[in-house]
Amino acid sequence: PAVERTLVLVKPDGVRRGLVGEVLRRLEAKGYTLVALDLRVPDAELLRAHYAEHEGKPFFGPLVEFMGSGPVAAVVVEGQRVIEAFRAMAGATDPTAAAPGTIRGDLGRDWGTAATQNIVHGSDSPASAQREIALWFPHL
Ligand code: DAT
Ligand code: MG
């Protein structure tokens, strides 16, 4: 298959806990290429568009609030089958259920907060990756 690009976000919990380097280290150690990197506090408009598929769900409001609560490290990563690979590296959405060895399983836990704090986001398909990269990095 062709070389893919995916959008990885280190969420505000991951940035606050000093885990940006650890996430980038895992990506680089696996041999993927970082093609864009930016640290910013995303506004609600960007976050609502990013998470549009979840609009109307009970966790949508807390999710957008949490994601805008501090800096996010946005990274475009490139490599063969990197979309699938990073989903596997991230682990299950619920950090309590995520397998050891994954980012969420090794580094995440339930903090009892309204929003699930699971350290990273990764695009879930080629169509999602293209849409999300255009939102976060319109110049790419
Ligand atoms: P993922 O981030 O694994 O792709 P998702 O796209 O289904 O998961 O959801 C986006 C984020 O929203 C997820 O990282 C954490 C939060 N979330 C998802 N499902 C949830 C739920 N049932 N309750 C609370 N938060 C949830
Ligand atoms: Mg998702």
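Just so you know, these numbers come straight off a predicted model, no measurement behind them. Counting of residues starts from 1 at the beginning of each chain's written sequence and follows it residue by residue. The order in which chains are written sets their letters, starting at A; the order in which ligands are written sets their numbers, starting at 1. With pLDDT at 70 or above as the cut-off, local features in this predicted model cover only qualifying residues; side-chain atom pairs require 80 or more to be listed or tallied, and sums for whole chains, interfaces and linings still use all residues. Only hydrogens and water are set aside when side-chain values are computed; all heavy atoms of the structure are taken into account.

1. Observations regarding the overall build of the protein
Turning to step 1, where the next piece is worked out: Tallying secondary structure elements over the protein gives 7 helices and 4 strands in all.
Turning to step 2, where the next piece is worked out: Tracing the protein from N to C terminus, the helices and strands come up as β-α-α-β-α-α-β-α-α-β-α.
Turning to step 3, where the next piece is worked out: In this description the radius of gyration comes from C-alpha coordinates, and the expected globular size is given by 2.2 Å times residues to the power 0.38. Against the 2.2 N^0.38 benchmark of 14 Å for 140 residues, the protein shows a C-alpha radius of gyration of 14 Å, consistent with a compact globule.
Turning to step 4, where the next piece is worked out: Seen along its three principal axes, the alpha-carbon backbone of the protein occupies a region of about 40 × 35 × 25 Å.
Turning to step 5, where the next piece is worked out: Burial analysis of the protein (140 residues in total) assigns 46% to the buried set.
Turning to step 6, where the next piece is worked out: Across the protein, every contact between residues at least 6 apart in sequence was considered, and the portion connecting residues at least 24 apart equals 76%.
Turning to step 7, where the next piece is worked out: Of the roughly 7,000 Å² that the protein leaves accessible, carbon and sulfur atoms contribute 53%.
Turning to step 8, where the next piece is worked out: The averaged location of the 17 negative side-chain charges in the protein is 3 Å from the averaged location of its 15 positive side-chain charges. Segments assigned H or I by DSSP are reported as helices when at least four residues long, segments assigned E as strands when at least two residues long, and all are numbered from the N terminus. Only protein chains enter the accessibility calculation, which uses a 1.4 Å probe; a residue is then buried when its area is under 20% of its type maximum, exposed when over 50%, and partly exposed in between. Contact between two residues is taken to exist if any of their heavy atoms lie within 4.5 Å; hydrogens are not considered. Only the protein chains shown count as covering a residue, and every accessible area follows the Shrake-Rupley method with a 1.4 Å probe. When charges are counted, Lys and Arg are positive and Asp and Glu negative, with His and the chain ends excluded. Here the site of a charge means NZ on Lys, CZ on Arg, CG on Asp, or CD on Glu.

2. Observations concerning the packing of aromatic side chains
Turning to step 1, where the next piece is worked out: Between 30 and 60 degrees the pair is tilted, below 30 it is stacked and above 60 it is edge-to-face, where a pair is any two Phe, Tyr or Trp rings, Trp via its six-membered ring, whose centres lie within 6.5 Å. Scanning the model with the defined rule gives 0 aromatic pairs in all.
Turning to step 2, where the next piece is worked out: The ring centre of W111 lies 4.2 Å from the NZ or CZ of R109, which sits over that ring. Counting as a charge over the ring demands two things of the Lys NZ or Arg CZ atom: a distance within 6 Å of the ring centre and an angle within 35 degrees of the ring normal.

3. Section: the UniProt feature "domain: Nucleoside diphosphate kinase-like" (unreviewed entry) in the protein
Turning to step 1, where the next piece is worked out: According to UniProt, the positions carrying the feature "domain: Nucleoside diphosphate kinase-like" (unreviewed entry) are residues 3-140.
Turning to step 2, where the next piece is worked out: For the annotated span residues 3-140, helix accounts for 40% and strand for 20% of the residues, and the straight-line distance between the end C-alpha atoms is 16 Å. UniProt positions are given in the numbering used here, feature names are shortened, and annotations may be inferred rather than shown by experiment.

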